[in-house]
Amino acid sequence: MAVFHGNRAWVYPLKVKGRFSGWHRWSSLALLLFLLVVPWLRWDGKPVFLLEITTRTFFLLGSIFTATDGILILLTLLSAAFMLFFFTSLFGRLWCGYFCPQSVFMLNLAFPVEEWIEGERGQRMRRNQGPWVWDKIWRKGLKWSIYAVLGLIISMSFMGFFVNAHDVWTFNLGTTGFFFLGLFSALWFLDMAWYREQTCNYICPYARFQGALTDDESLVIAYETVRGEPRGKAAKERGGCIDCKRCVAVCPQGIDIRDGYQLECIACGLCIDACTDVMERLGHPTLVKYTTIAADEGRVVHWIRPRTIAYSTLLTLLVGGFTYVFSHHAAIEVLVDRVPGMLFIEDQDGFVRNMYMVKVLDRTAAAGEHDYDVTVDGLPEGSQVLATKISVNSTEQVSVPLIVRVPRAVADETIKVRVTVHGPHIDVGQDTTFKGPGVEIEHHEEHEAPRHEAAEHGDDKPVENRTAPAIPAVAPTEHEGEQ
Ligand code: SF4
Ligand code: SF4
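To start, this report covers the structure provided alongside it. (Residues numbered from 1 in each chain as written. Chains lettered and ligands numbered in written order. Predicted model: local features only at pLDDT ≥ 70, side-chain atom pairs only at ≥ 80, totals over all residues.)

Topic: the sheet that holds strand 11 (residues 369-377)
- Spatially, 4 strands are ordered 13-11-15-16 in an open sheet, and the strand pairing comes out antiparallel. Of all strands in the sheet, those bounded by a partner on one side alone are strand 13 (389-393) and strand 16 (427-435). Between one strand and the next, the sheet's axes are offset by a mean angle of 25°, whatever the strand orientation.
- In this structure, strand 15 (residues 414-422) lies alongside strand 16, joined through 9 bridges in antiparallel fashion. (Pairing = 2+ DSSP bridges. Helix = DSSP H or I, 4+ residues; strand = E, 2+ residues; numbered from the N terminus. Axes fitted to C-alpha atoms, helices over the stretch in contact; angles between N-to-C directions.)

Written out as C-alpha cells, the structure is:
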C-alpha cells in the first residue's frame, strides 16, 4: 500500500479498455461540461447557479436568495448530505469512482497526459528510476506545464460558481480573488503532479466515514475468492486466477483487490475491466465484480432495509421542506418596523402621526432599478400616507421612512393596519398597528396636559407624546379608509 512520505510506492496505472473505463470517459465529459458551461448559463439575466461570496447572494434557477434565507441554505446542505448517505448505503463509493472531480480528473486528464508524454507504464517506471537526463527533464517539464494549465482552467471553472464567470475568465478579480485562484490552481497542480491517490487515502474524509454508512448489503468491488484461489499459473489444482496482476497494474489507487475490501478502493471498476479482458480469453467470467458481501456469502440482499428507509425518509422530508420553502419564497422581502422611541406625534394641523421604517429587499432576477408603491389599508377616512414610492436595485435592500397621519378625531388607541409593498410582479404585505391617543380621550382630555405613553416593545421607560407642526415637506397622499 502506498504510504504518505519517504518510501511512497509510486503508482503507475496501466491503461485499460472496457465497459467501466468507457463510463469514466462519459462521466468526465459530463463533469467538464458542467463546470465549464453552467457558470455561463443565464435565467432572466441572472446566473442559473451562482453562490456569490462577495454579496452573500445565491442565484438558483431565476430565484435569488440572500443571507436572510438561512433556512433554504441549511435545507440544501442537509438534503445534499442525506442524498450522499442514501446513495452510499445502496451503492457504496460510486460517487468516488464516477463523479468526484478528484478521481474523474485524475483518471481522464492527469493519467492520459502523463501517458501521452512519458509513454506507457513500463517506460514511465524505467524513466523515473533513471537519472535526470535531458529526455526526462523536458518530458517532466512539459507534463507539469500542462498540469499547471489544467489546474488553472479547473480552478477558474470552479470559481465561476462563486464569482461572476465573466470576471473570472477576464481576470477581473481583486486581490482576494487572485489569491484564491492561485491557491486552488496550486492545489490542483500538486494533486495531479504529486498527491494523486494520497488525496483520497489521507486527505478526503469521505473514505473514513463511509464505513459508518455502508453495511454487508452495500455495493462494493470484490474478488471472487472461492473461484479464484488458489491463484497461480500452474496447471494443476489451481483456481481461476492466473495471477497475471493486471487488476493490480490498472488500479489508480495501487491496491490489490484480491486482498479483500479496502478503504483505499474508490470503486472505479477498472480492475473489473482488466480481469474481464483476461478471463474472456480463457473462456471464463471475470473474477472481480460489483457485488455485496451478503451476496458473496450466499445471503439475500435487501435493498429496502432500516438504514435505507431511515435515510430515504429523512431525505424526502428535507426535499419536501426545501420545495415548500422554495415555492413560497417571495421575490421581494418586506419588513415594517415602527421608528423606535415614540408611539405617536400630534401635529398642529389636527392630525396624529405615526412613523415607520419600511425595508424592501429586492430578489427579482431582472437587473436594474425597480419601483415599488406602498399602500396602507385599514386607516380611517381622511388619513394620509406619506412617502409611498421606493426604488430598489435588484438584490439590494433599501430602508425608507413611512409616515401615516390620521385625523385626531378618529385616532383610536390602536388601529390595525396592513402595509403593502406593490412590486412590478408581486405584492407583499405586513400587518402592523397605528397608535393614537384614543377617540374618547380627545373629548375629555382636550384641556389636559399631554399624556405620557409607554414605549413599545416592552420598554418600561415612558416616552413623551409630542406635538409638532404639520408636515408640509412631503406632499401628502390621500388614502381612502377601508374599515
Ligand atoms: S481496486 Fe479496482 S475498483 Fe478499487 S480503486 Fe483499484 S481499480 Fe478501482
Ligand atoms: S486480473 Fe484476474 S486473473 Fe489476473 S490477477 Fe487479477 S484477478 Fe487474477
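The rest of the description comes next.
Description of unusual backbone geometry
- Put simply, Glu-229 and Pro-230 share a cis peptide bond, and its omega is -5°.
- Residue position: Pro-230 is located in the loop between helix 11 (225-228) and helix 12 (246-249).
- Look at Phe-171: it is not a glycine, yet its phi comes out positive at around 55°.
- On the secondary structure map, Phe-171 appears in the loop between helix 7 (165-169) and helix 8 (175-195).
- Positive phi, normally seen in glycine, also occurs at Ala-267, with a value near 55°.
- As for its placement among the helices and strands, Ala-267 is situated in the loop between helix 12 and helix 13 (270-282).

A few points about the site of ligand 1
- Residues in contact with ligand 1 amount to 13 residues; listed here are only the nearest, Cys-251, Ile-257, Cys-265, Cys-268 and Cys-271.
- Taken together, the residues of the shell around ligand 1 sort by class into 11 nonpolar, 2 polar and no charged. (Near = placed C-beta within 6 Å. Nonpolar A, V, L, I, M, F, W, Y, C, P; charged D, E, K, R; others polar.)

A short note on the sheet that holds strand 3 (residues 49-52)
- Taken in spatial order, the 3 strands make up an open sheet running 3-4-5, and their pairing is antiparallel. Two strands close off the open sheet at either side, each with one partner strand: strand 3 and strand 5 (63-65). The sheet shows a mean angle of 10° between the axes of neighbouring strands, taken without regard to direction.

Some words on the site of ligand 2
- In the vicinity of ligand 2 lie 15 residues, with Cys-241, Cys-244, Arg-246, Cys-247 and Cys-275 positioned nearest.
- Elements that contribute at least two residues to the shell around ligand 2 include exactly helix 12 and helix 13.
- Looking at the shell around ligand 2 element by element, the count peaks at 3 residues for helix 13.
- Considering only residue class, the shell around ligand 2 consists of 10 nonpolar, 1 polar and 4 charged.

Quick look at the packing of helix 1 (residues 19-37) against helix 4 (residues 101-118)
- At a minimum axis separation of 10 Å, helix 1 and helix 4 run at an interaxial angle of 115°. Like other packed secondary-structure pairs, helix 1 and helix 4 cross with a definite hand, here left-handed. Across from His-24, Arg-25, Ser-27, Ser-28 and Leu-31 in helix 1, the residues of helix 4 making contact are Pro-101, Val-104, Leu-107 and Asn-108.
- When grouped by side-chain class, the residues that make up the contact of helix 1 with helix 4 number 4 nonpolar, 4 polar and 1 charged. (Left-handed = near helix turned anticlockwise from the far one by under 90°. Contact = placed C-beta atoms within 7 Å.)

Structural notes on the environment of Asp-191
- Tracing the chain through its elements places Asp-191 in helix 8.
- Classification of Asp-191 as buried rests on a count of 21 C-beta atoms within 10 Å.
- Filtering out sequence-adjacent residues up to four positions away, Asp-191 remains in contact with Gln-102, Arg-196 and Thr-199. (Buried ≥ 20, exposed ≤ 12 C-beta atoms within 10 Å, placed from the backbone.)

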